Amino acid sequence: MSNDIAIRVENLSKVYKLYNHPTDRLKEALHPFNKKYHHDFYALKDVSFEVKRGETVGVIGKNGSGKSTLLKIITGVLTPSSGTVNVKGRVSALLELGAGFNPEYTGMENIFLQGFIMGYTREEMEQKVEAILTFADIGDFIYQPVKSYSSGMFVRLAFSVATIVDPDVLIIDEALAVGDVFFRQKCFDRLETLKQNNTSVLLVTHATHEVRQFCQRALFLDHGQALFWGNADEAVQRYYFSEHQQSSSKKVNQIGSNKEETKRTGKQQKAPKENSFSNQKVQWPIAQEAFFNIVSSPDTIGDGAICTTVGLCNSQGDPCRMFVQGDIGVFFYEFELQRDVEVPIGGILLFNEKNILIHGKNSMQFDTEAPKNLKAGTKIRFRQAIKFDLASGEYTFSIGLASIEEEAFQQRSQMHSALLEQYRTNLCYVRNIGTFSIAISLGVGITEIPFHGICDLPGEVCIEVQAHRFWA
Ligand SMILES: Nc1ncnc2c1ncn2[C@@H]1O[C@H](COP(=O)(O)OP(=O)(O)OP(=O)(O)O)[C@@H](O)[C@H]1O
């Protein structure tokens with residue numbers, strides 16, 4: 001293995017024998033003609049990729065796609081059924097909570113235990129203890145058995161130990177998700193430092209915006225297979241598309257993709273984008289990738305209309321699930337009316353990872369012409385553009401259709417909202433249609449981080465100098 005490669009995984013598979021009944025295992029073992037009572041289940045199938053020294057690589061995929069199995073094989077916790085794994089240098093791993101720690105030992109004792117496992121002497125660990133405690137910041141709990149720790153405290157200590165021991169390879173399985181936001185920021189700062197010191201990081205996470213932000217390349221696993229290996233942005237894009245469309249789940253194994261050289265230097269590589277609404281000329285998309293698979297969406301309420309199509313594109317009209325703060329996303333949605341409607345109202349609700357409603361707006365809240373007196377069976381299409389001045393993260397969205405009496409619609413600006421509600425009938429509401437992600441617009445605004453909090457609000461600031469005050 002060449003010097004610049006830290007991890008090489010070649011044709012890795014992990015097969016489990018699954019039995020329908022517990023007794024089948026015994027029947028199989030005792031059968032005189034070796035009759036098979038099991039079927040093979042591939043937790044991993046023929047996975048290959050390599051991680052360079054100093055590179056941060058993400059591993060993404062749905063629940064059960066094989067991410068933890070992969071990390072466990074790389075760290076030696078599991079043995080593969082076939083294929084090889086080569087890892088160069090000292091490996092430090094943060095697998096599931098509690099792994100590698102003795103629950104009966106205090107935090108302090110566990111620090112030394114981990115140091116011992118990593119091959120450090122007691123004296124060497126004594127020199128590192130203060131830095132570990134400062135980073136973990138769990139106070140006197142360090143003298144308590146770790147079984148009494150909250151998951152957040154545990155991960156603070158585990159991350160601190162795992163990263164302070166100068167690993168050549170750091171492997172993290174979802175561990176950071178339990179830390180609070182400030183701790184996660186500290187962790188990512190630490191990961192940056194490790195990267196500069198040439199540590200390779202393999203990061204399993206469901207937080208795809210973190211993959212986009214911190215990883216150069218990513219592996220997208222689906223049912224144990226590598227559907228994509230290469231540029232991190234593209235891996236996340238494919239993950240989003242495959243999540244909602246069966247059509248995109250072709251096997252693509254792009255080792256050495258030419259896009260992998262799109263290195264993340266902390267700055268997003270952006271194509272010039274049109275971010276104003278004024279000349280929006282986005283047509284109803286043709287590309288199938290624009291649309292979500294709403295047939296499998298279980299969360300539909302209302303029988304006044306059927307939601308037939310929902311799509312999402314960028315401001316150029318290209319199918320898109322990954323945006324940068326400030327980008328415009330254009331939602332396309334179509335309903336087929338099941339009853340006569342005076343004036344239709346369509347709208348979108350955006351929710352963040354904590355399921356907090358971030359933004360909701362319907363067509364009645366815009367100064368837009370609306371069609372009137374539509375018959376049952378009519379199909380109506382909406383095209384709604386939203387400027388994503390939002391915090392980085394993953395978002396879900398829901399779509400609804402209502403109807404309102406024409407007279408109330410005409411007088412909506414003068415009517416109290418409670419009164420307006422009386423003239424409104426909900427026809428169809430489809431929850432959790434899909435997801436999209438938003439990454440920080442590093443380096444494209446006036447400052448690196450354009451705002452703090454969950455959304456940017458329109459505003460302005462002015463600064464005035466008052467007359468200088470001389471103190472007696
Ligand atoms: N010991 C086992 N016997 C049989 N099947 C197993 C075993 N361990 C894991 N699996 C299966 O292997 C598949 C991959 O599991 P794995 O834990 O690697 O997925 P994952 O991508 O890490 O999921 P998650 O995101 O939920 O953590 C799953 O379908 C799981 O049920």
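Structure: above.
Conventions used here
- Residues numbered from 1 in each chain as written.
- Predicted model: local features only at pLDDT ≥ 70, side-chain atom pairs only at ≥ 80, totals over all residues.
- Heavy atoms only, no water.
- Near = heavy atom within 4 Å.
- Polar contact = N/O pair within 3.5 Å; in protein donor to acceptor, adjacent residues only side chain to side chain.
- Areas by Shrake-Rupley, 256 points an atom, 1.4 Å probe, with all protein chains shown as cover.
- Helix = DSSP H or I, 4+ residues; strand = E, 2+ residues; numbered from the N terminus.
- Axes fitted to C-alpha atoms, helices over the stretch in contact; angles between N-to-C directions.
- Parallel < 35°, antiparallel > 145°, perpendicular 65-115°, else oblique.
- Left-handed = near helix turned anticlockwise from the far one by under 90°.
- Contact = heavy atoms within 4.5 Å.
- Nonpolar A, V, L, I, M, F, W, Y, C, P; charged D, E, K, R; others polar.
- Expected span 1.5 Å × (residues − 1).
- Buried < 20%, exposed > 50% of the residue type's maximum accessible area, 1.4 Å probe, protein only.
- Core = buried A, V, L, I, M, F, W, Y, C linked by side-chain atoms within 4.5 Å.
- Phe/Tyr/Trp six-rings, centres within 6.5 Å; stacked < 30°, edge-to-face > 60°.
- Lys NZ or Arg CZ within 6 Å of the ring centre and 35° of its normal.

Asker: What exactly am I supposed to notice about the site of the ligand here?
Answerer: Among the 13 residues in the neighbourhood of the ligand, the closest are listed as Asn63, Gly64, Lys67, Ser68 and Thr69. One of the backbone N or O atoms of Gly64 is found 2.7 Å from an oxygen atom in the ligand. Thr69 is positioned such that a nitrogen or oxygen atom in its side chain is 2.5 Å from an oxygen atom of the ligand. The fraction of the free accessible surface of the ligand (640 Å²) that becomes covered by protein chains is 60%. Looking at which element gives the most residues to the shell around the ligand, the answer is helix 2 (residues 67–74), with three residues.

Asker: Hey, could you run me through the packing of helix 3 (residues 107–117) against helix 4 (residues 122–136) in this one?
Answerer: Helix-helix packing is characterised by the crossing angle of the two axes and by the distance between the axes. Across the interface, helix 3 lies against helix 4 with an axial gap of 10 Å and an inter-helix angle of 130°. Classified by the angle between their axes, helix 3 and helix 4 sit oblique to one another. Like other packed secondary-structure pairs, helix 3 and helix 4 cross with a definite hand, here right-handed. In this structure, helix 3 contributes Met108, Ile111, Phe112 and Gly115 to the contact, and helix 4 contributes Arg122, Met125, Glu126, Val129, Ile132 and Leu133. Looking at the contact of helix 3 with helix 4, its residues break down into seven nonpolar, one polar and two charged.

Asker: Explanation requested: helix 5 (residues 151–164) in the structure shown.
Answerer: In an α-helix, one full turn covers 3.6 residues, which means residues spaced three or four apart are oriented alike. Along its 14 residues, helix 5 runs 20 Å from first to last C-alpha, staying within 8% of the 20 Å computed at 1.5 Å per residue. Burial runs high along helix 5: 13 of the 14 residues are buried. Within two residues after helix 5, Asp166 carries a phi angle of roughly 50°, on the positive side.

Asker: What exactly am I supposed to notice about the nonpolar core here?
Answerer: Soluble, globular proteins show a tendency: their nonpolar side chains are buried together. Core analysis: the largest hydrophobic core is formed by 51 residues, its most contacted members being Ile111, Tyr149, Leu157, Phe159, Ile172 and Leu191. Residues Phe323, Leu350, Phe388 and Phe436 belong to the second largest nonpolar core, which totals 33 residues.

Asker: Any chance you could explain the packing of aromatic side chains here in plain terms?
Answerer: Two measures describe an aromatic ring pair: the distance that separates the ring centres and the angle between the ring planes. With the rule as written, the count across this model stands at 20 aromatic pairs. Ring geometry for Tyr333 against Phe335: centres 6.1 Å apart, planes inclined by 85°, an arrangement best described as edge-to-face. Pair check on accessibility: Tyr333 and Phe335 agree, each one buried. Taken together through their ring pairs, the aromatic side chains of Phe292, Phe323, Phe331, Phe388, Tyr395, Phe397 and Phe436 make up a single cluster. The ring of Phe112 is capped by Arg122, whose NZ or CZ atom sits 4.1 Å from the centre of that ring. Sitting above the plane of the Phe366 ring, Lys361 keeps its charged end 4.7 Å from the centroid.

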